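A closer look at the structure
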Amino acid sequence: MEDQDEAAVYAALTSGRSVFTGSMTGPQRMERQFLLELAHGNFRKLASFVGANASQIPEPAFVVKKDEGIPVGLVLAKLFSLIKSESGEPLWTLLDDVTTAPILKAALSSSVETLKWFEKYASNALVAFSAQEEVRQNDVMVLLDAGLRVSCASVATLFAGLPKGKGHQLNNEIAKTLCDKSYLFMTSQNEFKAVMDAVSETVSTRGKVRINDALKLAKTELHKSKNKQRSPEKAAAASATKPSAAPEDPKAVAKAKKAQEEAERRLAALKLKTEKITSALQWYNKLLDDLNDKAAKTVNVSDSSAFDGGIEEEKKCDDDDLEETAAGRALVAKPKHALSPEQVVKALSSCDSEDALADVETGIDLLQWDSMSEWTIDITESAHKWFKRHIRKDRSLCERVIRRLTLLSTGRWPYVLCKPLKARQLSSGRKIHLYETKLDSASRIIWEVAIAFSPRRSRLEQTYCEQVIRVWDVVLDHDNLSSAIDLTVERIEKSHLRGEECAIHALIDKAQASSAPATDSDEGAPKGATYRIPRVFPMSSEVVCMDAAKEEAPKGKSRHFHPASDDLRQYTLLKFYELNAGAVQMLLDGQDENNDLPFSPGPKEHEIIHYQSDPQRSILLMGRSGTGKTTCLVFRMWAQFTSYQQSQARPRQLFVTKNEVLCREVKRSFNNMGLAWRKRRDPKASSAAVAVAEEKPKFLTSTEWLDALDVQLPGEPFFTKTELKQRFDLRKHSDSVTKGIEAWLSEQNVEVEENAAASTVRNEMTFAAFRKQWRKIKSGSGTQMDSAIVWREIKSFIKGSVPALHIDREERSEPQNRFLSLDEYLALPRKQSRMDESQRREVYELYLNYERLKKEGLFYDESDLVYNIAGRVAALDQRSLEQAVVGEESLLPIDALFVDEVQDFTQAELFILAKLCRDPNNLFLAGDTAQSIAVGVDFRFTDVRQIFYNSFGGIEPKLLQLSYNYRSHAGILRLAACVVELLYHFFGNSLDRLPPDLGLFSGPKPVVMDVSSTQELVLMLQGAKRTSSRIEFGAHQVVIVRTEEAKKRMPEEFGIDPDWVLTVQESKGLEFDDVLLYNFFSDSPAEDLWRVVSSYSEQDIASYYADAAVSASGVQKWDWEDPLLTETRHLDFDANQHKILETELKMLYTAITRARVNIFIAETNTESSRPMFNYFQRRAVVDVQQSKENSEEEGLSGVRVFGAMNSVDDWRSRGEYYLRNAEGERQATCLRLAAKCFDKAGEPKRRDYALAYLSFTEIDQEDRTKLRGKQGVEFRSKLYAITEQLLEANDVSFLDKAALCLLRTGEQEEYTAELFELYARLRYTQRINDDADGDLTLPLAPSAHEKKYFGYAAKFFAKTSTERGGSFDLALSSFRNFVCAGMYDAAADLINSGALPIEDNGSFQQLYQLCIPASPMDPTATFRKDFNLRTAACECITAAVRNSANRL
């Protein structure tokens, strides 16, 4: 071994032979061997080496890891020898720091013990790394990033060795890391000057400021430590006065020493954590200072005005409310010499030069947009995105674009304003007329005179279209403008050509145009004309044409096609956004990227949105996934709201859904419409002038709705006071963090009377709890039924049907009347409950067992709550309902009700909704029974119609249907339709019959892959592009599996990142371009029951398409082929034994319809998948990709390959998409995907945001009882680490999450209080800055959300003060936060009880300073105003302050 050189050692290591055959002598040999093996990553051999040579390893001797990973003991030994080396050049420095830095990082992050040990050598190491010819910058960055304490002297050495130059990027990064992560300590004040001299020529000015601040902190710590030191004489005297102690037991001494060491270790670790928190908070405090400075400069208000007696009362503000204060600001200044619309038109008529046009442009008042607009102007999605990108970078250019469009909208088009581009003739013979409008020498607006459906001109009896100005894009190119315009024009042509491939088009009667051009008869270009009026044409109903060869238009009419996406991978029509005064204001606002313009609906959607009947009837809107149900609902809700506004009525609209994400998105869409509408009516108006609080629609999840009703309705509430506190507190706030804080406080600070009542508090029985109790429920019954089926029967029928409510019975409160009796259950029609009599008896017996267990275990289920509310609602007559509850938050009564995903509601819930509506004929219910995979709900629209007949005597609701699918193309929809056919055939009563969806475009057929191994599947998916065994996923691609267990079993050889794998349940509501459905049938609980599909014959299909609902649509023809297939064993269908297939078919439908472009169905178990694969092939709806031995093809080609290349914008937008949808069961998965997308997009800040949110989500779901067990230390360490991660994300929205994590440690309540207060102050100050340009009334009261967090801070400051024996400063902080929260009584109690000790004039003055007028932009300003005006609300504090002054 001694004769081996480095090459031989490396060869031996890589060959796997042992190189440790002899004893190691000599430190040089040991060091060389050590470094070589570390450099080559032979960690297993290193672990063995350390074990064999432990005696030769210098101190400290740590336990070596036995698994793969870096042997910490050996690394520390090497670092130790490096740091203590006094002669010669350590071999560590002979390796490049690119090699050594990862080794150092792994060692320092291995454990708290490692970090603690290394900290005493950190300064020496920093000097050693800096003492080379060139500073080992990678080693330095790792060391500083570890968060250690380093001496100022070592820092001076470091910067003295760095290359000179203030703009040196790496120098500034080192300075930033030093200040943000490490902690400086000072042994002498002279070190201050030494460091500043060293950085004077090496870092930027900002870096020097940061280092200067850090040195000031170190200097302060130096003074503190000197003051605390005792002189040796005093220490000796103190020890001499102590009595001599008796000899102690050696074991006790050792035990005490060990306990002392453990306490010191914990103290050191805790100090390190708190120092990191303090350091991280510096950024947020600086941000608060910056925001306050900004607000002081932009808000023009005098100090005295804040306490003027005429100031309005406190305004309630909610960031999510429709009346957001920012909506009232005037974004565009009115020009000094504004031209009237008439003057603009007159000036344009004689405009013949660019200078003259510029003069007209400067006189345009954009607030008068609507009064100038003869022409409708639509902008494309591309133009909309252009405004979003440029509004903050170049606002003047965006305003100029709007001004030029304003001129175009008048219909006066002089040549200097618009230049015709060469007319393009499409392959169909149709011409498109494009124009360019010059902005400057390097920018143009590209637009078209197009024909579009006109909502404003259409009537119920006739649909119209009109000529519009369609803005396609704004082209900016300083290098080659002509080429950029050509590329844009080419994209426009592609959009029109792809639009002609659409399956639907309209017929336009041009002979009946209602107007003609004033000076030019050509429908396109205004060659010499300067004035044009848009022509209006009657428009026929949309024509469906499924064949490739479309028929010629009838004589006198022309075909109209809607433009489509020019991206060959997309099969969607383009969206257009109509500009009006409100939309213009929103474009120029640019404050919130989520404020999208409302797009223009199509003729079919317009018909549903404005549908009216005489007499009025409720609407049941049926449509499959992707047909636009939710869009119609939002537009109809908005149209109804505006009609109420115009009639000066005060409607109560309510939107309810089961899905929290959907509820939030519908509210956002509605508010965007409201924002545009308010800006259009009066851009300068304050928000309060537009709508009062009672007019605002309510957007609630069903759980929030039921909880609110239980509180508001007359009669005996379902929940006790204690249950309401535990449940309602978790529901009344929209954010999960507040819920978590409330839950924690509820666990830690339950009142005495609540503790006494705790034994009677009930818990909710959800399906998850039901499944856990299933073994007990079915015990002794011998049943083979699935728990989900029994739960469905209980929830949908035995307890959730309308007959089960027993509204007509006087003794409803009797237990036997709270559900269907056995006879009533047996009497249900088979179309409702699809169980036969014997099965119903079996289910009912299980139900009785369930009720007994529920009662014994103090459980309730949602059906019990619904039963209680239904009885209280039924007892109200209309007059009582009107007077039931009065106030802004009241849900009663309802004028109009909107329900989305209605298939997830039980009959009993729908009964209550209809009963609470003033007019049960004013409901709008949208849903799709094919998507009803909500556990426990069996839903049909026909049952809803019966509710109206039997329960209200109402008019039969109008059933409307949507068949055009805007999400997926025909290839995917045909496959989905085949699945729905099976549902109709085998479970005809489980869903409503609808015609098959119409795919607007033909597309690639889905692919089924029958493979024998995972390796073959990988080769198929990657095709000719494969470069490795790992599949790289694009931004819009995903794998879907049947269950969570299947997700965990994904084989390693698949080479797929597990984060790209979702279950069917997680994928619901999401959309992807490409979906790989992997082993769905193999993992299906139906197992071999899929064989019943073989009984579905060609005759059955013919019967299905002969059905009136299907044949009348003319949507699709059906195909049946007889290929040579391997048949499966026949299995006759039994409705009672094969019920599980209903759920599985709905799951399959949901999975298939997640895809927009490609769906790949891969199975490694051919027996399980063969029945469905054979069925799909006979229906000719799939392509088959066989295994390699059965096919000569290498794999998929063209666009149909996983691993698609995506742009940075694609990854970024997809990351934002996942963030928006990170809710419920899929929250963690979506956050992981968001982080990966942002990483691909090169967005480290957004990536860290997603990762920090993910860490919080994961810790939030962990069992908090760990804090009281053996794992408490680890769990707290994890909480501290996540707190640090959240704070370092430098995002205000994470402060509350960081506070919650810190709260759960139970150790840092003062820091927790500081975080709560800082979060509330930042939110408050940011709100002032957002409203700084509007008509803001100061002082502005904190919002309800901000008050909540001020209240949290106050409670924890008070608690910490008490624990420390009555700290005045902490108690004063508590008082400050109580008054910010509006909790005046609690603030007065602090003074009266002595918790806030006022013992001298100094303490009284500090208290009084919080009561007298100060800055009107401080959250205490409202309290100061109340105190100054001696309001009744503040009387308790006034008296307390007066009493404390008298006592002095």
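Residues numbered from 1 in each chain as written. Predicted model: local features only at pLDDT ≥ 70, side-chain atom pairs only at ≥ 80, totals over all residues. Heavy atoms only, no water.

**Focus on the pattern of salt bridges**
Under the convention used in this document: Any carboxyl oxygen of Asp or Glu that lies within 4 Å of a side-chain nitrogen of Lys or Arg is treated as forming a salt bridge with it.
In this structure the tally under the stated criterion is 49 salt bridges. Connected through salt bridges with shared partners, the residues Lys-799, Glu-851, Lys-854, Asp-861 and Asp-864 form a single ionic network.

**Quick notes on the sheet that holds strand 15 (residues 619-623)**
Hydrogen bonds between backbone atoms are what pair the strands of a sheet, whose relative direction is either parallel or antiparallel. Quick reminder of the rule: Here, any two strands with at least 2 DSSP bridges between them count as paired. Counting from the N terminus, the helices are the DSSP runs of H or I reaching at least four residues and the strands are the DSSP runs of E reaching at least two. Lines fitted to C-alpha atoms define the axes here, with helix axes fitted over just the stretch in contact, and angles between the N-to-C directions of these axes take values from 0 to 180 degrees. Here, two residues are considered to be in contact whenever any of their heavy atoms come within 4.5 Å of each other.
The six strands lie next to each other as 17-16-20-21-15-22, forming an open sheet whose pairing is parallel. Two strands close off the open sheet at either side, each with one partner strand: strand 17 (698-701) and strand 22 (958-962). The average undirected angle you get between the axes of adjacent strands in this sheet is 15°. Sheet analysis places strand 15 next to strand 21 (residues 923-927), joined by four bridges and oriented parallel. When the bridges of strand 21 are listed, Ile-619 appears paired with Phe-924. Lying over the sheet, helix 25 (residues 702-712) contacts strand 16 (653-657) and strand 17, oriented at roughly 105° with respect to strand 17. On top of the sheet, helix 36 (residues 907-916) reaches strand 16, strand 20 (896-899) and strand 21; it is set at about 155° to strand 20, its chief contact.

**Considerations on a negative patch on the surface**
Counted only if it meets this: A patch is a set of surface residues, each over 30% in relative accessible area and not in a salt bridge, joined within 9 Å for like charges and within 5 Å for the nonpolar side chains Val, Leu, Ile, Met, Phe, Trp and Tyr. All accessible-area figures derive from a Shrake-Rupley calculation using a 1.4 Å probe, and residue coverage is judged against the displayed protein chains alone. His is not counted, nor are the chain ends, whereas Lys and Arg count as positive and Asp and Glu as negative. For the purpose of locating charges, the reference atoms are NZ of Lys, CZ of Arg, CG of Asp and CD of Glu. Each residue is placed in one exposure class: buried if its accessible area under a 1.4 Å probe, protein chains only, is under 20% of its type's maximum, exposed if it is over 50%, and partly exposed if it falls in between.
Taken together, the side chains of Glu-1098, Asp-1119, Glu-1121 and Asp-1122 define an acidic patch exposed on the protein surface. Given a relative accessible area of 33%, Asp-1119 falls into the partly exposed group.

**Some thoughts on helix 10 (residues 169-181)**
Condition: Residue count minus one, scaled by 1.5 Å, sets the expected span of a helix.
Taking 1.5 Å as the rise per residue, helix 10 with 13 residues should run 18 Å; its terminal C-alpha atoms sit 18 Å apart, in good agreement. When we look at burial in helix 10, the residues that qualify are Asn-171, Ile-174, Ala-175, Thr-177, Leu-178 and Cys-179.

**Quick look at the confidence of the model for the protein chain**
Any region with low pLDDT has predicted coordinates that should not be read closely. For clarity, the threshold we go by: Scored from 0 to 100, pLDDT reflects the predictor's confidence in each residue.
On average, residues of the protein chain score 75 in pLDDT, and 72% of them are at 70 or above. pLDDT under 50 marks residues 682-694. Its contacts with residues more than four places away, or in other chains, come to 27 contacts.

**What to know about empty space enclosed by the protein**
Note the threshold: Here a cavity denotes grid points, spaced 1 Å and computed from the protein atoms alone, that fit a 1.4 Å probe unable to get out, and a pocket denotes an open set having protein on both sides within 12 Å along at least 5 of 7 lines; residues with an atom within 4 Å of a point are the lining. Grid points are joined across faces, edges and corners, and a volume is the space filled by probe spheres set on the points. When residues are grouped by polarity, Ala, Val, Leu, Ile, Met, Phe, Trp, Tyr, Cys and Pro land in nonpolar, Asp, Glu, Lys and Arg in charged, and all others, Gly among them, in polar.
By the definition in use, this model includes seven cavities of 30 Å³ or more. Considering only enclosed or pocket space, the second largest cavity measures out at about 110 Å³ in volume. Taken together, 14 residues form the lining of the second largest cavity, with Arg-624, Ala-977, Val-980, Pro-996 and Asp-997 sitting closest to its centre. Among the elements that line the lining of the second largest cavity, the one with the most residues is helix 38 (residues 970-986), at five residues. Residue classes in the lining of the second largest cavity are distributed as 10 nonpolar, two polar and two charged.

**Quick look at the environment of Gln-462**
This is how it is decided: Here a polar contact means two N or O atoms within 3.5 Å. Within protein one must be a hydrogen donor candidate and the other an acceptor candidate, and residues neighboring in sequence count only if both atoms are side-chain atoms.
Take Gln-462: it is sitting in the loop between strand 8 (443-453) and strand 9 (463-476). Setting aside residues up to four positions removed in sequence, Gln-462 forms contacts with Pro-538 and Met-539. A distance of 3.3 Å separates a polar side-chain atom of Gln-462 from the backbone oxygen of Met-539.

**Topic: the pairing of strand 16**
Most of strand 16 sits out of view: five of its five residues are buried. Side chains of strand 16 alternate between two faces, with Gln-653, Phe-655 and Thr-657 and Leu-654 and Val-656 buried alike. Of the strand pairs in this sheet, strand 16 and strand 20 are connected by four bridges, and their pairing is parallel. Bridging across to strand 20, Gln-653 finds its partner in Ala-896. Pairing geometry for strand 16 and strand 17, over four bridges, is parallel. Within strand 17, the residue paired with Leu-654 across the bridge is Lys-698.

**Concerning the packing of helix 19 (residues 395-409) against helix 21 (residues 581-589)**
This is how the line gets drawn: Roughly parallel refers to an angle under 35 degrees, roughly antiparallel to one over 145, roughly perpendicular to one between 65 and 115, and oblique to any angle outside these ranges. Left-handed describes a crossing in which the near helix is turned anticlockwise from the far one by less than a right angle; the clockwise case is right-handed.
Contact geometry of helix 19 with helix 21 gives a least axis separation of 10 Å together with a crossing angle of 165°. For the element pair helix 19 / helix 21, the angle class is roughly antiparallel. Note on packing geometry: the crossing formed by helix 19 with helix 21 is right-handed. Contact residues: helix 19 offers Arg-395, Cys-398, Glu-399 and Ile-402, while helix 21 offers Val-584, Leu-587, Leu-588 and Asp-589. Residue composition of the contact of helix 19 with helix 21, by class: five nonpolar, no polar and three charged.

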